[in-house]
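Structural features, examined
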Amino acid sequence: MSGNPQHNRQAWSVLIVSTLAFTVCFMVWMMFGVIGIPIRKMLGLNATEFGLLTAMPVLTGSLVRVPLGIWTDRFGGRIVMACLMAVTVPAIWLMSYATEYWHFIVIGLFVGLAGGAFSVGTPYVARWFPKQRQGMAMGVYGAGNSGAAVNKFVAPVLLVAFGWAIVPQVYAAIMLGTLVLFWFFSHSDPSHLVPSHVKFTDQLKALKDPKVLKYCQYYSIVFGGYVALSLWMVQYYVGEYGLDIRIAALLAACFSLPGGVLRAIGGILSDKYGAHSVTWWVMWVCWICLFLLSYPQTDFTVLTVNGPSTFHIGLNVYAFTGLMAVLGVAMAFGKASVFKYISDDYPGNIGAISGIVGLAGGLGGFVLPIMFGLLMDLTGIRSSAFMLMYGVVWVSLIWMYLTEVRQLPLLGNARSANRTSKS
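All of these numbers come straight from a predicted model, not from anything done at the bench. (Residues numbered from 1 in each chain as written. Predicted model: local features only at pLDDT ≥ 70, side-chain atom pairs only at ≥ 80, totals over all residues. Heavy atoms only, no water.)

**A closer look at helix 3 (residues 47-63)**
In this model helix 3 runs 24 Å from its N-terminal to its C-terminal C-alpha over 17 residues, within 8% of the 24 Å that 1.5 Å per residue would give. By the largest-angle criterion, Ala55 marks the main kink of helix 3, which is about 40°, and a proline, Pro57, follows within four residues. Of all 17 residues making up helix 3, 13 are buried, and the element is well covered by its neighbours. Structurally, the start of helix 3 carries an N-cap: the backbone nitrogen of Thr48 is 3.1 Å from a side-chain oxygen of Asn46. (Helix = DSSP H or I, 4+ residues; strand = E, 2+ residues; numbered from the N terminus. Expected span 1.5 Å × (residues − 1). Bend = angle between axes of the 7 residues up to and from the residue. Buried < 20%, exposed > 50% of the residue type's maximum accessible area, 1.4 Å probe, protein only. Polar contact = N/O pair within 3.5 Å; in protein donor to acceptor, adjacent residues only side chain to side chain.)

**A short note on the pattern of salt bridges**
Enumeration over the complete set of coordinates arrives at six salt bridges. The residue Asp73 makes a salt bridge to Arg127 at a minimum N-O spacing of 2.8 Å. Residue Asp73 is located in helix 4 (residues 65-75), and its partner Arg127 is located in the loop between helix 7 (117-126) and helix 8 (134-142); the two are separated by 54 residues in the primary sequence. Using a relative accessible area of 0% as the deciding quantity, one classes Asp73 as buried. Linking Asp271 and Lys340 is a salt bridge whose minimum nitrogen-to-oxygen distance equals 3.0 Å. Remark: Lys340 occurs in helix 17 (residues 317-345) and Asp271 occurs in helix 15 (residues 263-273); sequence separation between them is 69 residues. (Salt bridge = Lys/Arg side-chain N within 4 Å of Asp/Glu carboxyl O.)

**Observations regarding the state of the cysteines**
Evaluated as defined, the whole model comprises zero disulfides. For the unlinked cysteine Cys83, the closest cysteine sulfur is that of Cys25, found at 13 Å. Here Cys83 falls in the partly exposed class, since its relative accessible area comes to 43%. Free of any disulfide, Cys216 has its nearest cysteine sulfur in Cys286, 17 Å distant. (Disulfide = S-S within 2.5 Å.)

**Section: the pairing of strand 2 (residues 307-313)**
Across seven bridges, the pairing between strand 1 (residues 298-304) and strand 2 is antiparallel. Its bridge partner lying in strand 2, Thr304 is registered against Gly307. In this antiparallel pair of consecutive strands, strand 1 and strand 2, the connection spans two residues. (Pairing = 2+ DSSP bridges.)

**Topic: the nonpolar core**
Core analysis: the largest hydrophobic core is formed by 135 residues, its most contacted members being Leu229, Leu327 and Val357. When sequence neighbours within four positions are dropped, the list of residues in contact with Val357 reads Val212, Tyr215, Cys216, Tyr219, Val338, Phe339 and Ile342. (Core = buried A, V, L, I, M, F, W, Y, C linked by side-chain atoms within 4.5 Å. Contact = heavy atoms within 4.5 Å.)

**Topic: the packing of aromatic side chains**
Overall, the coordinates contain 35 aromatic pairs when judged by the stated rule. Ring geometry for Phe50 against Trp232: centres 5.7 Å apart, planes inclined by 45°, an arrangement best described as tilted. Remark: Trp232 occurs in helix 13 (residues 224-241) and Phe50 occurs in helix 3; sequence separation between them is 182 residues. Here Trp232 falls in the buried class, since its relative accessible area comes to 1%. An angle of 40° between the planes, with centres 6.2 Å apart, marks the rings of Tyr218 and Tyr341 as tilted. Pair noted here: Tyr218 is in helix 12 (residues 210-222) and Tyr341 is in helix 17, with a separation of 123 residues, a long-range link. Among the residues examined, Tyr218 registers a relative accessible area of 0% and is labelled buried. Joined through ring pairs, the aromatic side chains of Phe22, Phe26, Trp29, Phe118, Tyr141, Tyr219, Phe223, Tyr226, Phe255 and Phe339 make up one cluster. Just above the ring of Phe50 sits the side chain of Arg40; from NZ or CZ to the centre is 5.2 Å. (Phe/Tyr/Trp six-rings, centres within 6.5 Å; stacked < 30°, edge-to-face > 60°. Lys NZ or Arg CZ within 6 Å of the ring centre and 35° of its normal.)

**Overview of the packing of helix 12 against helix 17**
Where helix 12 meets helix 17, the axes come as close as 9 Å, and the angle between the chain directions of the two elements is 160°. Considering the angle they form, helix 12 stands roughly antiparallel to helix 17. Crossing hand, helix 12 versus helix 17: left-handed. Seen from helix 12, the contacting residues are Lys211, Tyr215, Tyr218, Tyr219, Ile221 and Val222; seen from helix 17, they are Met331, Gly334, Lys335, Val338, Phe339, Tyr341, Ile342 and Asp345. Residues that form the contact of helix 12 with helix 17 fall into these classes: 10 nonpolar, one polar and three charged. (Axes fitted to C-alpha atoms, helices over the stretch in contact; angles between N-to-C directions. Parallel < 35°, antiparallel > 145°, perpendicular 65-115°, else oblique. Left-handed = near helix turned anticlockwise from the far one by under 90°. Nonpolar A, V, L, I, M, F, W, Y, C, P; charged D, E, K, R; others polar.)

**Observations regarding the side chain of Ser62**
For Ser62, the location among the structural elements is in helix 3. When sequence neighbours within four positions are dropped, the list of residues in contact with Ser62 reads Trp29, Leu359, Gly362 and Leu363.

**Observations concerning helix 13**
With 18 residues, helix 13 extends 25 Å from end C-alpha to end C-alpha; this agrees with the ideal 26 Å at 1.5 Å per step. Where burial is concerned, most of helix 13 is hidden: 14 out of the 18 residues are buried. Once helix 13 ends, the next one or two residues include Gly242, with phi positive near 65°.

**Focus: the environment of Phe333**
Mapped onto the elements, Phe333 comes out in helix 17. When the C-alpha positions of Phe333 and Ala248 are compared, they lie 25 Å apart, and in sequence the two are 85 residues distant. If sequence neighbours within four positions are ignored, Phe333 has contacts with Leu262, Ile265, Gly266, Leu269, Val278 and Val282.

**Quick notes on the packing of helix 12 against helix 16 (residues 275-294)**
Look at helix 12 against helix 16: their axes get within 12 Å of each other, and the N-to-C directions meet at 45°. Overall, the two elements helix 12 and helix 16 adopt an arrangement that is oblique. The crossing of helix 12 and helix 16 is left-handed. From helix 12, Tyr218, Ile221 and Val222 reach across to helix 16, where they touch Thr279, Val282 and Met283.

**Examining the side chain of Ser146**
For Ser146, the position within the fold is in the loop between helix 8 and helix 9 (147-162). Among the residues examined, Ser146 registers a relative accessible area of 9% and is labelled buried. At a separation of 2.7 Å, a polar atom in the side chain of Ser146 contacts the main-chain carbonyl oxygen of Ala143.

What follows is the structure, encoded as structure tokens:
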């Protein structure tokens with residue numbers, strides 16, 4: 001940190017209030033994960049239509065990430081974040097008056113703007129801290145992903161007590177109150193702005209780097225998968241295990257909460273051990289969890305000497321929730337480690353690069369719920385959602401091995417090289 005006490009106080013104030021704002025934005029962004037269930041019943045939607053409904057806010061929240069990241073570099077995170085939050089309030093309120101499927105789709109597009117807050121706050125908070133603390137700062141800010149869990153605590157209670165329409169109204173009031181707090185406790189530093197002679201096209205030139213595409217692939221899993229599963233899990237519990245929506249939301253929060261809160265720890269680990277090491281282990285943990293989660297409920301019969309014997313294989317609700325919690329922790333660490341890559345490789349262009357990587361992650365969160373619904377309608381197997389994600393993780397592991405792991409010297413070779421150089 002800087003030796004200036006005032007700057008240090010401002011830095012922590014910016015980090016805390018920005019994290020609060022992002023938590024509320026993420027809570028709003030994930031709203032359909034809970035209220036979508038009664039809306040699906042009211043409108044008689046199939047799994048694919050439900051997937052599209054939940055994914056629409058994610059689409060706009062993803063598409064605006066690149067321009068928002070660039071605007072943050074040029075105009076400052078404080079003004080961009082405040083304007084973004086202000087624009088979403090009317091749309092959130094209008095959601096409670098929707099009655100047709102297309103109403104929810106269109107209004108959902110505007111509500112989804114809240115999801116763009118990530119690419120505003122990431123460069124905004126990072127620039128208040130020195131390079132060796134940026135992983136921590138971005139990790140703490142990214143812990144606002146826990147808004148997905150907050151949504152699962154708040155929305156079911158409101159829904160059961162007053163009906164689903166009250167949820168958008170309460171969320172609009174919360175967003176407005178958070179906007180006021182953010183404006184009074186955040187700060188601006190002109191030195192954090194990209195110089196005025198730098199053009200948008202100059203900022204975007206780094207996007208031609210193949211490393212950026214690789215980081216997009218990683219983030220489409222650890223963030224896109226997190227968003228998709230946060231939207232999908234409540235109805236999965238209701239359908240697979242026959243649970244009440246409140247219990248289903250509580251268990252789904254066992255994935256969403258660590259998947260958001262522990263991102264800060266992922267940032268600290270990335271500062272200490274490096275982005276590559278953390279991301280490599282994250283991918284392997286995701287691979288193992290998704291392999292186990294992919295197995296559907298199965299009954300099979302074996303012909304024994306005493307006659308046919310039937311066996312059942314499948315995860316019960318406790319084992320399923322435990323695996324989801326581990327998956328959430330891994331994704332939390334991965335979300336932080338991917339952005340540590342960015343702050344290491346592109347320190348002068350964090351806004352634009354984080355915007356494009358965030359766009360890829362968000363688009364993963366948009367496409368995956370639709371694919372989940374489509375696969376379920378085609379196969380009738382709920383765990384097909386995990387089968388799809390298992391395949392995507394394989395792609396990242398192979399890509400990471402070919403471009404990073406194979407480039408590292410073997411331990412024996414490194415030692416012999418050192419002996420040769422000394423002699």
